[in-house]
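# Structure at a glance
Spelled out, the chains give:
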Amino acid sequence: MTFLRNLIVSLFFLIVSLVGASVLAVVGAAIYFAPGLPDVRQLQDFELHTPLRIFTQDGKLIGEFGEERRMAINFDEIPQDMIDALTAAEDASYFDHAGVDPRGLARAVVQLAMSGDIQSGGSTITMQVARNYMLTLDQTFTRKIREILLALQMEQILDKEQIFELYVNKIFLGNRAYGIAAAAETYYDKPLAELSLAQTAMIAGLPKAPSAFNPLANSERSLIRRNWILFRMRELGHIDDATYQAAVQEPVTARRHYTQAEVDAAYVSEMARQYAVERFGDEAYTGGYRIYTTIDSELQPFARQALANGLTAYDLRHGWRGPEQREIAASLVEAQEQTATQGLEEELSESPEIRETARQAAQRSQTEVEGIEGDVSNWVQVLERTPNYGLLQPAIVVESSGREMQVLTRDNGLQTIDWDGLSWARPYLSPRSRGAEPSSAEEIAVRGDMVRVIENEDGSLRLSQQPDAEGSLVAQDPQTGAILALQGGFDFNASKFNRAVQARRQSGSIFKPFIYLAALEDGEMNAASVVNDSPVVLDDGSNSLWRPVNSSRDFQGPMRLRPALARSRNLVTIRVLQTMGLDYTINFLEGFGFSPTQLPNGLSLALGSASLTPMEMTNAYAVLANGGFQVSPWFIERVTRDDDNEVIDEATPPVACPSCAEGQETVEIDGREYPIAKRVADPAAVYILRDMLRDVITSGTGRGALSLNREDIVGKTGTTNSQRDAWFAGFNSNLVTTVWVGKDSNETISEYGAQAALPIWVEFMGDALEGTPNAVPERPATIVTARVDPDTGRRLADGQSGGIIELFHQDHLPDYQQRRISRELEEASGSQGSGTAESIF
């Protein structure tokens, strides 16, 4: 008896000690952490702000970021079913505890100790509000203690309804939806009050894992999570069995609903978002900022279309790489049997009923499409969550038979691709080779394979695929430097890497005009100067010798600079750079926006070995197009705030002004004053170079641009070693555009600039310049013409006939051609040619 009494007393004092120790621990933690805790009272004045919106220069929406899918609601606007579903999923005792649920925390600690993982969690809704609004998301015990203390404080200051309201307006629920009202619109295109019970439970299941349990990304897993919540609601007495049975059998009805941009300029939109974050920090997403870019809403769609067309055409020339996915289950039942259950342990351990009801719901999600036998509910779901890549739509093969393929598409149901749309699909072997033409559709793809299709102009379909090559297109106003159109890749959904501004690629021969301009500027050479196109062996600074060659692998001997540039002769350009010197040339090139640190200090510079972005190359060509003024690329025109259009920032960049008087510092454009850009090249030298670049179009590597039937366009092709990069840069006086095509892996594309890049440039410029007059600069007063011998480049005297007309700066005329025979003999012969013996005999 004494022993029992002593045991009871000991246990009593042990319990009291443990309780006292716990109380002291809590008090100690409160005393230690309280001074550094945020003020909970700030939640009483918390406001949800306006999203960041990005527009074209004429006010058309191209992007929204941050809070665009947050729709604030009050507690009394929340349907009771949603309250019950969220508490059943996240915090069943929410309306009873004081901010912290000891049992939940204890359960989480036990799970952590036994398995090393927390399956059920330990955070109450109040604790989640504390974390989401006032703390970071780092996984530390310190943060958890602060979270608990803030939750306890919060319950003293705010009532349950206020805390719940904060919770439902803040939580992230996938697909950029913040808060339950935004989620209802995003997934079901409905207000909260119109959701079914099953739809309500689906949304309530998202806070735990907005990506893993997302009905658009994984309908099988989301069904299990949804039905577990419905099971919990029944167990907690929120719904009766009949309501439960009806709800768990409801099929998945979620679809993607979002605000469509008026102009597709996703790469520019992302650039503007990054600018806003750098400028305004996190407030960029909530401060009601509106960014108006320089993007032209008419030119941007042309840029996107031209690049997409060019890259898909490239892909057709290089072969079929196979389906995007294989063996996709047709029905949700089949898909659910194959799905992984990792992360669903808590839900599935509750009752075998969970998996069974999910299976039954999958069965009830049966979808039939006219012309297809059986349930294709999973195919429909897969197509719904698979984005288009530019013009390429996802499709799932239903049947391949003979020379015909039937596919299921998202919007048009069952469609047929005939042999004209399939026969191109010779197997890809390497960048330079393809296999034999297929003899039947079965050799290309079979039932359950996902492919891409593109719609032809006549409405028929052609088999396609995401291009193996990528590209970019940048269009700029050469007079102001404003970016008018920019496409940083085939499609932003496929790859968010913006090649226009992030990809540093060797520029190849599109860099050569700047080497020639350096020579023209100095006066050391002119367009008629003769340079030898012959082999050269150079010390490249290493232990080996450099033996550059022309792309054609031949040598044409002495030739003038004009045809050398038109034919893109490498050896001539190297000798020009040798003559001018690296120091002078690099210093000169800095005026075109090229950083000396980005330029190689060697003769390979002449061949475009510098790694530069398409944006940098476009801007350099803009300086050529405007006559030599140092403009810089810019794309943010102004930033305003809220609906009152309070101007926060407004761009006033330096602009070109060929007609401005010398010494004039500013010029008025559309009622605004702009500083005049610094002149970095002599207008006469630039004019002569421009005329030389016209020969690239008329008789050189850019002849493909003649199809535009315009006299004002000039440009240059470019291809780098092993055909890793293909370029075309060209302009008139109002628009400069650069196109790059290559692979992110830096592998060869096995095509030259004239094949891969020029057709894209031609399509864009054809659309952009349609209906506009020719735009050419005025000829500078210092430009003169003279006849020269085409072989020697020397000037012919008035008494010497023949030769060709060339442009020169009046101070840089070439020497006269020396007569090789006497005037008396020439006159006696009755033949007056160029004055050279070769031309007479």
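Coordinates for the structure precede this section.
Residues numbered from 1 in each chain as written. Predicted model: local features only at pLDDT ≥ 70, side-chain atom pairs only at ≥ 80, totals over all residues. Heavy atoms only, no water.

A tally of helices and strands in the protein chain yields 27 helices and 27 strands. A burial count over the protein chain gives 52% of its 841 residues as buried. Sequence-distant contacts in the protein chain: of pairs separated by 6 or more residues, those separated by 24 or more amount to 68%. With an accessible surface of roughly 37,400 Å², the protein chain has 48% of that area assigned to carbon and sulfur atoms. (Helix = DSSP H or I, 4+ residues; strand = E, 2+ residues; numbered from the N terminus. Buried < 20%, exposed > 50% of the residue type's maximum accessible area, 1.4 Å probe, protein only. Contact = heavy atoms within 4.5 Å. Areas by Shrake-Rupley, 256 points an atom, 1.4 Å probe, with all protein chains shown as cover.)

With that settled, consider the packing of aromatic side chains. The geometry of an aromatic ring pair is captured by the separation of the ring centres together with the interplanar angle, meaning the angle of the planes. Under the counting rule described, the total for this entry stands at 19 aromatic pairs. Taken together, the ring pairs in this structure connect Phe-511, Phe-514, Tyr-584, Phe-588, Phe-592, Phe-594, Tyr-621 and Phe-731 into an aromatic cluster. Above the face of the Tyr-816 ring, Arg-795 is positioned so that its terminal group lies 4.0 Å from the ring centre. (Phe/Tyr/Trp six-rings, centres within 6.5 Å; stacked < 30°, edge-to-face > 60°. Lys NZ or Arg CZ within 6 Å of the ring centre and 35° of its normal.)

Further remarks concern the sheet that holds strand β1 (residues 52–55). Within a beta sheet, neighbouring strands are joined by backbone hydrogen bonds and run either parallel or antiparallel to one another. Here five strands make up an open sheet; going across it, the order is β2-β1-β3-β19-β20 and the pairing mixed. Edge positions in the open sheet fall to β2 (61–65) and β20 (646–650), since each of these has one partner strand only. For this sheet, the mean angle separating the axes of adjacent strands, direction not counted, is 20°. With four bridges connecting them, β1 and β2 associate as antiparallel partners. Within β2, the residue paired with Arg-53 across the bridge is Glu-64. Strands in contact with helix α11 (residues 266–280) are β1, β2, β3 (289–293), β19 (636–641) and β20; relative to β2, the strand with the most contacts, it is inclined by about 45°. (Pairing = 2+ DSSP bridges. Axes fitted to C-alpha atoms, helices over the stretch in contact; angles between N-to-C directions.)

Turning to the nonpolar core, a few remarks are in order. Phe-592 and Phe-594 are the most contacted members of the largest nonpolar core, which totals 70 residues. Breaking this core down by element, the ones donating at least two residues are α18 (512–522), α19 (561–566), α20 (570–580), α21 (582–589), α22 (614–625), α23 (683–699), β24 (725–731) and β25 (736–742). Counting residues per element, this core draws most heavily on α23, at eight residues. Contact partners of Phe-592, with chain neighbours within four places excluded, come to Phe-514, Leu-517, Asn-619, Ala-620, Val-623, Leu-624 and Ala-681. Membership of the second largest hydrophobic core comes to 59 residues, among which are Ala-88, Tyr-167, Leu-173 and Leu-344. (Core = buried A, V, L, I, M, F, W, Y, C linked by side-chain atoms within 4.5 Å.)

This brings us to the pattern of salt bridges. On inspection of all chains with the given rule, the structure shows 28 salt bridges. Between Glu-270 and Arg-273 there is a salt bridge, with the nearest N and O atoms lying 2.7 Å from each other. Pair noted here: Glu-270 and Arg-273 are both in helix α11, with a separation of three residues, about one helical turn. Across this residue pair, the class does not change: Glu-270 and Arg-273 are buried. Between Arg-505 and Asp-725 there is a salt bridge, with the nearest N and O atoms lying 2.6 Å from each other. On the criterion of sequence distance, the pair formed by Arg-505 in strand β13 (residues 505–506) and Asp-725 in strand β24 is long-range, its members being 220 residues apart. For Arg-505, a relative accessible area of 8% corresponds to the buried category. In this structure, a network of salt bridges that share partners links the residues Arg-562, Asp-691, Asp-695 and Glu-806. (Salt bridge = Lys/Arg side-chain N within 4 Å of Asp/Glu carboxyl O.)

For helix α8 (residues 197–204), the buried fraction is high: eight of the eight residues fall into the buried class. Against the buried residues of α8 lie α2 (80–90), α7 (180–188), α9 (219–235) and α10 (241–248).

With that out of the way, let us pick up the state of the cysteines. Summed over all chains, the structure comprises one disulfide. For Cys-657, the disulfide goes to Cys-660, at an S-S distance of 1.8 Å. For the disulfide bridge between Cys-657 and Cys-660, the dihedral angle about the S-S bond is near 75°, and by the sign convention the bridge is right-handed. Pair check on accessibility: Cys-657 and Cys-660 agree, each one buried. (Disulfide = S-S within 2.5 Å.)

Here we have five strands laid out as an open sheet, ordered β6-β5-β4-β9-β10, and antiparallel in their pairing. In this open sheet, the two strands that pair with only one neighbour each are β6 (413–417) and β10 (461–464). Taking the axes of each pair of neighbouring strands and ignoring which way they run, one obtains an average angle of 45° across the sheet. Note that strand β9 (residues 450–455) and β10 share four bridges and pair antiparallel. Of the residues in β10, the one forming a bridge with Glu-455 is Leu-461.

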